Every structure is written in C-alpha cells, then in structure tokens.
Amino acid sequence: MIGLIANAVLHPNIVAHIKQFMKDKLALLFTAIFVISMLSYFQSTDVGFWAERVRIKLPFLILPFAISSLFPLEKKLFHKIIFIFFL
C-alpha cells in the first residue's frame, strides 16, 4: 500500500493524475466515505475513538487515487478494481 501511494504522490505528472481522478465519479464516491467520517468529528464526544475510525477509513481516501494513477486503465476495469477494494 505504501508503494502504491508513493508511486501516486511522487510521480512527476501528479497534476494529470489528479485531473483524471476528479473526473471519475465512482472514485470520488469512495473518497466521500472518508470525508463523511471526517465530518463526524463535530458530533463526536470520544475523540480517541473518532481518530481510530478515521485511521481505519484512510485507505478510502488514498487507495482509489493510487490505483487510478498506476497506468491508464479502462473505466470498466477500474470500476471492477474499486468494487473489489470496497468489498
């Protein structure tokens, strides 16, 4: 997982990867799972438990971007990989 993330973030053409990622609605949906967890901070009374939940959901933020930046995938194949990741 660290290798995938490093490949995505340290790539010289990261701007193109970000643009490609922002165009895919399914990948943004999985990112929204993480964002909803972040927003739950305002209703949390146990910050330690909240931080643990956010840490567990961190792959929902990073891995869809890392997978989309590996190489140009067909949209159908990318969606299959994302669904397998979600399951």
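Structural notes, computed from the coordinates. What you see is a predicted model; the values in this text were computed from it and never measured.

### Digging into helix H5 (residues 59-68)
Among the ten residues that make up H5, seven are buried, leaving the element largely enclosed by the rest of the structure. Three or more residues of H5 are buried, namely Phe60, Leu63, Pro64, Phe65, Ala66, Ile67 and Ser68. Structurally, H5 contributes buried residues whose contacts are with helix H1 (2-9), helix H2 (14-23), helix H3 (25-39), helix H4 (47-57) and helix H6 (75-86).

### Some thoughts on the environment of histidine 17
Inspection of the secondary structure puts histidine 17 in helix H2. Look past the residues within four positions of histidine 17 in its chain and what remains in contact with it is His11, Phe65 and Ser69.

### Notes on the side chain of aspartate 24
Checked against the element boundaries, aspartate 24 lands in the loop between H2 and H3. Beyond its immediate stretch of four places on either side in the chain, aspartate 24 contacts Lys75, Phe78 and His79.

Here is what the cut-offs are and how they apply
Residues numbered from 1 in each chain as written. Predicted model: local features only at pLDDT ≥ 70, side-chain atom pairs only at ≥ 80, totals over all residues. Heavy atoms only, no water. Buried < 20%, exposed > 50% of the residue type's maximum accessible area, 1.4 Å probe, protein only. Helix = DSSP H or I, 4+ residues; strand = E, 2+ residues; numbered from the N terminus. Contact = heavy atoms within 4.5 Å.

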